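Chain and residue survey
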Amino acid sequence: VQLQASGGGLVQAGGSLRLSCAAAGGTFSNYVMGWFRQTPGKDREFVAAIRWSGGSTYYADSVKGRFTISKDVFKKMMYLQLNSLKPEDTAIYYCAAAHRMIVGRWYTEEMYDYWGQGTQVTVSS
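None of the values given here were measured: they were computed from a predicted structure.

**What about the packing of aromatic side chains?**
Taken as a whole, this structure holds 7 aromatic pairs when the rule is applied. Judged by centre distance (3.6 Å) and plane angle (15°), the ring pair of Tyr 58 and Trp 106 falls under stacked. Of the two residues, Tyr 58 sits in strand β6 (residues 57–59) while Trp 106 sits in the loop between β9 (91–98) and β10 (114–115), which places them 48 residues apart along the sequence. For Tyr 58, a relative accessible area of 14% gives the class buried. One aromatic cluster is present, built from ring pairs that chain together Phe 36, Phe 46, Tyr 112 and Trp 115. The lysine or arginine in question, Arg 18, covers the ring of Tyr 79, its NZ or CZ lying 3.9 Å from the ring centre.

Right, dumping it as structure tokens:
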């Protein structure tokens, strides 16, 4: 399985970005796909996740109502729409895939088997 994240950039506070994650090398039918982010000196932080089949979504409290995760199963793409961006959203954003997920553990980094290379999001004040 290969994941490739893209779409990061520099944006002013209050602005929007759309991140994309291209997935290849698997059928993903039972996968949970997620987004995490990391800033220097801090642990990787859960942002959002989505079930590839069915489409249930999960969000960190810090992004709920501002970010939206979605997928296109035919294109094998996952997206993260970032709205109302704040300077504290500045981070490297990673997409990830878990082929076996324990219910309620989608926020746990260790549950994810495959990771993309990350894309930088910088929000200026």
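So much for the structure itself; the text now carries on.
**Overview of the sheet that holds strand β7 (residues 67–72)**
Pairing is antiparallel in the open sheet, where 4 strands are placed in the order β1-β3-β8-β7. At either end of the open sheet lies a strand with only one pairing partner, and these are β1 (2–6) and β7. On average, adjacent strands in this sheet sit at an angle of 15° to one another, irrespective of strand direction.

**Comments concerning unusual backbone geometry**
Even without glycine at this site, Lys 76 takes up a positive phi of about 55°. Here Lys 76 is to be found in the loop between β7 and β8 (77–82). Overall, Lys 76 belongs to the partly exposed group, its relative accessible area being 29%. One non-glycine residue, Ser 84, lies in the positive phi region at around 50°.

Procedures and definitions
Residues numbered from 1 in each chain as written. Predicted model: local features only at pLDDT ≥ 70, side-chain atom pairs only at ≥ 80, totals over all residues. Heavy atoms only, no water. Phe/Tyr/Trp six-rings, centres within 6.5 Å; stacked < 30°, edge-to-face > 60°. Helix = DSSP H or I, 4+ residues; strand = E, 2+ residues; numbered from the N terminus. Buried < 20%, exposed > 50% of the residue type's maximum accessible area, 1.4 Å probe, protein only. Lys NZ or Arg CZ within 6 Å of the ring centre and 35° of its normal. Pairing = 2+ DSSP bridges. Axes fitted to C-alpha atoms, helices over the stretch in contact; angles between N-to-C directions.

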